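# Analysis of the macromolecular model
Here are the chains, one letter per residue:
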Amino acid sequence: MKTFGGPAIFLDRDDINTDEIIPAKYLTEISKMALKPHLLEDLLLAGKPFDNQSEAMQKAQVVIARANFGCGSSREHAVWAFEVNGINVVVAQSFARIFRQNMFNCGILAIELAQEEIAALFAMTGRITVRVDISEGMLRAASDDPRQAELRFSFSLNLFDRDLVSAGGWLEFADKKY
Amino acid sequence: MGKTIAQKIFASHLRDTPTSENMVLDLDVVLCHEITTPIAILDLMEKGMDRVFDPGKIKAVIDHVTPAKDSKTAMQGKIMRDWAKRHAIVDFFDIGKNGVCHALFPEKGYIRPGYTVIMGDSHTCTHGAFGAFAAGVGTTDLEVGIYKGVCSFRSPETMKISLTGKLGTGVTAKDVILAIIKKITVNGATDRIIEFGGPLLESLSMAARMTLCNMAIEAGGTSGICPPDRVTAEFLWPFIKDEYKNLDEAVNDFKKWHSDSDAEYVESLEIDVTALPPQVTVNFKPDQVRDITEMEGTPVDQVYIGSCTNGRIEDLRDAARILKNRTIAAGVRGIVTPATPLVYQMALQEGILAIFMDAGFCVLNPTCGACLGMSSGVLAEGEVCISTTNRNFNGRMGKGGMVHLASPYSAAAAAVTGVITDPRKFL
Ligand code: SF4
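Residues numbered from 1 in each chain as written. Chains lettered and ligands numbered in written order. Predicted model: local features only at pLDDT ≥ 70, side-chain atom pairs only at ≥ 80, totals over all residues. Heavy atoms only, no water.

All names here are of chain B. Strand order in the open sheet formed by 5 strands is 17-16-15-18-19, and the pairing between neighbours is parallel. Every interior strand has two partners, whereas the edge strands, strand 17 (362–363) and strand 19 (402–405), have only one. Sheet topology places strand 16 (residues 333–336) next to strand 17; 2 bridges connect them, and they run parallel. Paired with Ile 335 across the strands is Cys 362, a residue of strand 17. In the packing of helix 16 (residues 408–417) onto the sheet, the strands contacted are strand 15 (302–305) and strand 18 (384–387), and the crossing angle to strand 15 comes to about 150 degrees. (Pairing = 2+ DSSP bridges. Helix = DSSP H or I, 4+ residues; strand = E, 2+ residues; numbered from the N terminus. Contact = heavy atoms within 4.5 Å. Axes fitted to C-alpha atoms, helices over the stretch in contact; angles between N-to-C directions.)

The following block contains the structure:
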């Protein structure tokens, strides 16, 4: 089974919407790769524009955010923009329905953790790397700061969503089954 | 235990239950537009799956950027046209016949009580106004819908919002839904269907019900839904008159798509609108809503009247009541976009377009236009627009712009004064 995880980036806000993840003006693109430089281009954190070209962002494979991530438009471009930037897991307290479904439909992970677990991740010191094992339902967050202990949280995936990830996405799944 | 409308629709369309939480439904209609569909078409082609499950159940339109604004949007249109032709999709609406999807498709009678409807567009929830289950989906769900005629959902939890009281002068369904989103927040209906009800709902037109359901997604809702009744039947009558002896028979038949009296809701709210003033958003989230009286005097650069939320004839009539014999304030740009060609024609015949033009508005062809900041009214950095649309997200109408969501009355009042203004002064 595919492995999920990598260096994490923290987006400290609730209600990050898909217009912020990829603005509508890029929806004329027909190739996913064209979305790459524009990921999170209009994101505001604490009222300030987010630097989507920072080194941490370039390296990130995991995004950690607060509640109601991916609200707003149905554009799957938001998921593709993450995908082409090498991000394969988004961890949040909760997701908007369409975004969450789009993630699993593309065979990548949207993981929900409890509010205090998300808070514990945000409170970690050092540079954080996240590993996700979907067969045991375990998320591990390790730091390069030796004083920071590794954190482990179990999570549950909807069984159907897990099947979609295993099948490589909903189209492949539906093609065989319906 | 009784069932909700959504549970009845799910039960009658159930194809498969891959787990106890998930349901795969047969679809009655798959709606398509040129922003999210071309990429689905190309992917299906690439995978050797370029088929459609039933061309009669697919309805397609070019509406978001039309006429095309550049080579890329022209290509999106071309991919749609070629695809519609290749698969003999008859209900395809191109230049001259096209309009904003969520206004156009209901106008054509495509959405009926009890239907299942998907589209690659989050405001598909609008169609719940007809007592259908209608949900926005991403491109992959759309591909599967086009190819196989199915879509998967988690079992529907429904929250009930009963509307009571009477709307004051100058207060509309738009103000009601903004007040609801303020109350339940942008997250308040996530993974839920909002079922509207109550005595006020029965008195609301289909246009008003569409405005309510349209913004269910702004509270995170999977869909909005209204029990289909006489108002629904009257609206649909030209399309269903061969199926029923008379209107009463249709109204009675529609009752099978009403929630049972002992149906279970995850939450029930009652909202009395009697004292509700006009509402307007502030900042970048649709639950950041204020009474308009608190926002008066905020200067605006642009006024936008249109969209799937408020671009119907009823909305244009409201705005025209205020604009009649008045002119736009100096330095303010007014843009009106009738949502469909029919709305345009009615507005023309009723003299409403003349009122807009005399006031100094630019009248655009039916399109999504400025609503999503892709064409026809994009804001410059630092500019402010009062808009009858549904999203005030940062950058929505152009990078660095601010959008204040409001009703057509409130937008028209701001056009006249150049600042956010309580429209009741003009009524
Ligand atoms: S009018 Fe705006 S919200 Fe409605 S479908 Fe068009 S872009 Fe989307």
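At the junction of the two partners, chain A supplies 42 residues and chain B supplies 54 residues. Summed over both partners, the interface of chain A with chain B buries about 4200 Å², with 54% contributed by carbon and sulfur atoms. If you sort the residues of chain A by the area they bury against chain B, Arg 97, Leu 171 and Tyr 178 of chain A come out on top, with a joint share of 18%. Across the contact surface, chain A and chain B share 8 salt bridges. Among the salt bridges present, the one from Asp 42 of chain A reaches Lys 399 of chain B, with a minimum N-O distance of 2.6 Å. Between chain A and chain B we count 26 residue pairs in polar contact (both at pLDDT 80 or more) in total. Counting residues per element, the ones that place at least two in the side of chain A that touches chain B are helix 3 (77–84), helix 4 (97–105), helix 6 (159–167) and helix 7 (170–177) of chain A. Per-class residue counts for the side of chain A that touches chain B are 16 nonpolar, 12 polar and 14 charged. (Buried area = accessible area lost by both parts, 1.4 Å probe. Salt bridge = Lys/Arg side-chain N within 4 Å of Asp/Glu carboxyl O. Polar contact = N/O pair within 3.5 Å; in protein donor to acceptor, adjacent residues only side chain to side chain. Nonpolar A, V, L, I, M, F, W, Y, C, P; charged D, E, K, R; others polar.)

Let's shift gears to the domain arrangement of chain B. Residues and elements named next belong to chain B. As assigned here, chain B comprises domain 1 (1–276) and domain 2 (280–426). For domain 1 versus domain 2, the distance between C-alpha centres works out to 24 Å. Each partner contributes residues to the interface: domain 1 has 35 residues there, and domain 2 has 39 residues. Together domain 1 and domain 2 conceal approximately 3000 Å² of surface at their shared face, both sides included; 61% is due to carbon and sulfur atoms. (Domains from an automatic or database assignment.)

For the rest of this paragraph, the subject is the sheet that holds strand 11 (residues 223–225) of chain B. Pairing between the strands of a sheet comes from backbone hydrogen bonds, and it takes one of two forms, parallel or antiparallel. All names here are of chain B. Strand order across the open sheet formed by 4 strands is 11-10-9-12, with parallel pairing between neighbours. Of all the strands in the sheet, the pair left with one neighbour each is strand 11 and strand 12 (267–272). Here the average twist between neighbouring strands, direction ignored, is 20 degrees. Summarising the sheet, strand 10 (residues 192–197) and strand 11 pair through 3 bridges and their orientation is parallel. Residue Ile 194 lies in a different strand from strand 11, and its bridge partner there is Gly 224.

Right, let's talk about the packing of helix 7 of chain A against helix 5 (residues 139–148) of chain B for a bit. Contact geometry of helix 7 of chain A with helix 5 of chain B gives a least axis separation of 9 Å together with a crossing angle of 20 degrees. Between helix 7 of chain A and helix 5 of chain B, the interaxial angle falls into the category roughly parallel. Where helix 7 of chain A crosses over helix 5 of chain B, the two elements pack in a sense that is right-handed. Judged by residue contacts, Trp 170, Leu 171, Ala 174 and Asp 175 of chain A of helix 7 of chain A engage Thr 140, Asp 141, Glu 143, Val 144, Tyr 147 and Lys 148 of chain B from helix 5 of chain B. Looking at the contact of helix 7 of chain A with helix 5 of chain B residue by residue, the class counts come to 5 nonpolar, 1 polar and 4 charged. (Parallel < 35°, antiparallel > 145°, perpendicular 65-115°, else oblique. Left-handed = near helix turned anticlockwise from the far one by under 90°.)

Moving on: unusual backbone geometry. In this model, Thr 66 of chain B is joined to Pro 67 of chain B through a cis peptide bond whose omega is -5 degrees. One non-glycine residue, Asp 15 of chain A, adopts positive backbone phi at about 55 degrees. One non-glycine residue, Asn 325 of chain B, adopts positive backbone phi at about 60 degrees. By the element assignment, Asn 325 of chain B lies in the loop between helix 13 (313–323) and strand 16.

Within a regular strand, side chains alternate between the sheet's two faces. Residues and elements named next belong to chain B. Among the 5 residues of strand 8 (residues 150–154), 4 are classified as buried, and the element is accordingly described as predominantly covered. Judged from the 5 bridges that link them, strand 2 (residues 22–26) and strand 8 form a sheet pairing that is antiparallel. Along strand 8, the bridge assignment pairs Leu 25 with Cys 151. (Buried < 20%, exposed > 50% of the residue type's maximum accessible area, 1.4 Å probe, protein only.)

All names here are of chain A. By the element assignment, Glu 150 lies in the loop between strand 8 (138–143) and strand 9 (151–154). Note: C-alpha distance between Glu 150 and Ser 94 (56 residues apart in sequence) is 23 Å. When neighbours within four sequence positions are excluded, Glu 150 is seen to be in contact with Arg 140, Ala 141 and Ala 142. Side chain to side chain, Glu 150 and Arg 152 meet in a polar contact 3.2 Å long.

The subject of this paragraph is the pattern of salt bridges. Residues and elements named next belong to chain B. Taken as a whole and assessed by the stated rule, the structure comprises 37 salt bridges over all chains. A salt bridge links Glu 267 to Arg 192; the shortest N-O distance between them is 2.8 Å. Residue Glu 267 is located in strand 12, and its partner Arg 192 is located in strand 10; the two are separated by 75 residues in the primary sequence. On the accessibility criterion, Glu 267 (31% relative accessible area) is partly exposed.

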